[in-house]
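# Geometric and topological summary
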Amino acid sequence: MLGYAIRRIIFTIPMLFFVFTVVFFVMRLAGGDPTYVILGDQGSQEAVTQLRLKLGLDEPLIVQYVQALKNLLQGNMGESIINDRPIAPQIMRVLPFTIELTIAAILIGLLIGIPLGVAAALRRNKMPDYLLRVFSLVGLSTPSFYLGILLLLLFAMQLDWFPIIGYKRTGDLWDRLYYLFLPALSLGLGKAAFVSRVTRSNMLERLGSDFVRTARAKGLSEYKVIYKHALKDCMIPIVTVSGVYVGVLMGGAILTETVFNRPGLGKFLVEAIAQRDYSAIQSGLVFYGIIIVLVNLTVDLLYGLIDPRVKYE
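Model, not experiment: these values are computed from the prediction. (Residues numbered from 1 in each chain as written. Predicted model: local features only at pLDDT ≥ 70, side-chain atom pairs only at ≥ 80, totals over all residues. Heavy atoms only, no water.)

Looking now at the overall build of the chain. Scanning the chain from N- to C-terminus turns up 13 helices and zero strands. When its helices and strands are written in sequence order, the chain yields α-α-α-α-α-α-α-α-α-α-α-α-α. The long-range fraction of contacts in the chain, counting pairs at least 24 apart against all pairs at least 6 apart in sequence, stands at 74%. (Helix = DSSP H or I, 4+ residues; strand = E, 2+ residues; numbered from the N terminus. Contact = heavy atoms within 4.5 Å.)

What follows is the structure in structure tokens.
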């Protein structure tokens, strides 16, 4: 297991390098000269020249790339064009809010999706199965920000159970969960629909397999057959789709944080785009890429814990 983990961690290093490289060149080649994007067509030549010097765009592209990579390795992500403050502390200040929102959405998706998938598989082509299909279809086709608005209208405005907007930076854990619940639910229900479909299809396959029939022939209780054998064997595909879906959750968090007026990396990136803060946009995208790569690493490491037979090839 230790050797497997070390190899996966080493493999992550070139992936992080690749993410930074893609973001760097896309930002510089796809959008044209950022000075004209920031200043507009009415910017004077003197202002354009000064901004190019400030951003380091007067250097050859390869020199810019090496310098940007060097700064990133030192933890320096440059300064914001708008407020002249270092970008890294600004990102680190809002990043915990996005992480807690994503983790809460994952937990809600798993806690709802797995039991629903198991129940639908055990009652195939019966009413619970039909209801799950409707739920998964609606959940996958409804945007998280639209679902968030519906949740606000129902639970915040009509029932007055939760706050309309806002967040808790400090204070009691229950207070923070109180403000976190609706945003996490708006993201988690889509994941629950996805996980339930995956759980149902894999459970149906396992329930008809030889090892489940053998477990039943040995006289094991139905609980052990379902949850200790069949469901346990489904965990690798469930963990896989959960890791893949983190990217969707991170993308959905951008609009969810805006709808619920929560700070976070997504809202930071939206504001940077609105203000044409070139350096902040690049840094935010790099952070998004790093998070996705680290999540994939975590999923790979979980493979080894769930099934010791998993080996790196």
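With 51 residues, the main nonpolar core has Met77, Ile91, Leu182, Leu265 and Phe268 as its most contacted residues. Sorting the residues of this core by element identifies α1 (2-29), α4 (61-73), α5 (87-122), α7 (144-158), α8 (173-207), α11 (235-259), α12 (265-274) and α13 (278-306) as the ones contributing at least two each. Met77 has contacts with Leu72, Ile87, Ala88, Ile91, Ser283, Val286 and Phe287, leaving out every residue within four places of it along the chain. Listed in part, the 14 residues of the second largest apolar core include Ile114, Val212, Ala215 and Ile226. (Core = buried A, V, L, I, M, F, W, Y, C linked by side-chain atoms within 4.5 Å. Buried < 20%, exposed > 50% of the residue type's maximum accessible area, 1.4 Å probe, protein only.)

Our next topic: the packing of helix α9 (residues 210-217) against helix α10 (residues 222-233). The N-to-C vectors of α9 and α10 enclose an angle of 160°; their axes lie 10 Å apart at closest approach. In terms of orientation, α9 lies roughly antiparallel with respect to α10. The two elements α9 and α10 cross, and the hand of that crossing is right-handed. On α10, the residues that touch Phe211, Val212, Ala215 and Arg216 of α9 are Glu222, Val225, Ile226, His229, Ala230 and Asp233. Split into classes, the residues belonging to the contact of α9 with α10 amount to six nonpolar, one polar and three charged. (Axes fitted to C-alpha atoms, helices over the stretch in contact; angles between N-to-C directions. Parallel < 35°, antiparallel > 145°, perpendicular 65-115°, else oblique. Left-handed = near helix turned anticlockwise from the far one by under 90°. Nonpolar A, V, L, I, M, F, W, Y, C, P; charged D, E, K, R; others polar.)

Moving on, we get to the packing of aromatic side chains. The final tally for this structure, using the stated rule, is nine aromatic pairs. When the ring of Phe155 is compared with that of Trp161, the centres are 5.8 Å apart and the planes differ by 40°; the resulting orientation is tilted. (Phe/Tyr/Trp six-rings, centres within 6.5 Å; stacked < 30°, edge-to-face > 60°.)

A few words on the pattern of salt bridges. The full count for this structure, using the stated rule, is four salt bridges. As a salt-bridge pair, Arg133 and Asp129 come within 3.1 Å of each other at their nearest N and O atoms. Of this pair, Arg133 and Asp129 both sit in helix α6 (residues 127-141), separated by four residues, roughly a single helical turn. Residue Arg133 is classed as partly exposed on the basis of its relative accessible area of 36%. (Salt bridge = Lys/Arg side-chain N within 4 Å of Asp/Glu carboxyl O.)

Let us look at the side chain of Thr256. On the secondary structure map, Thr256 appears in helix α11. On the basis of relative accessible area, Thr256 is assigned to the buried category, the value being 1%. When sequence neighbours within four positions are dropped, the list of residues in contact with Thr256 reads Leu101, Ser144, Pro183, Ser186 and Leu187.

Together, Phe145, Tyr146, Ile149, Leu150, Leu153, Met157, Ile164 and Leu255 give the surface a local cluster of nonpolar side chains, amounting to about 710 Å² of exposed area. Examining the composition of the nonpolar patch, we find that six residues originate from one element, α7, more than from any other. Here Ile149 is to be found in helix α7. (Patch = residues over 30% accessible without salt bridge, like charges linked within 9 Å, V, L, I, M, F, W, Y side chains within 5 Å. Areas by Shrake-Rupley, 256 points an atom, 1.4 Å probe, with all protein chains shown as cover.)

Here we take up α12. Note on helix geometry: an α-helix contains 3.6 residues per turn, so any two residues three or four positions apart are oriented the same way. For α12, the full list of buried residues reads Leu265, Gly266, Lys267, Phe268, Leu269 and Ala272. Just downstream of α12, Arg276 is the residue with a positive phi angle, here 55°.

Spanning 15 residues, α7 covers 20 Å between terminal C-alpha atoms, matching the ideal 21 Å at 1.5 Å per step. In the structure, α7 departs most strongly from a straight axis at Leu152, where the bend amounts to approximately 30°. As for α7, its buried residues are in contact with α8 and α11. Trailing α7 by a residue or two, Asp160 shows a phi angle of about 55°, which is positive. (Expected span 1.5 Å × (residues − 1). Bend = angle between axes of the 7 residues up to and from the residue.)

What follows concerns the environment of Glu205. Relative to the assigned elements, Glu205 resides in helix α8. A relative accessible area of 55% places Glu205 in the exposed class. Taking the C-alpha atoms as reference, Glu205 lies 9.3 Å from Ala121; in sequence the two are 84 residues apart.

On average, residues of the chain carry a pLDDT of 79, and 86% of them reach 70 or more. Within the chain, α5 carries the highest mean pLDDT (87), whereas helix α2 (residues 34-39) carries the lowest (63). (pLDDT = per-residue confidence, 0-100.)

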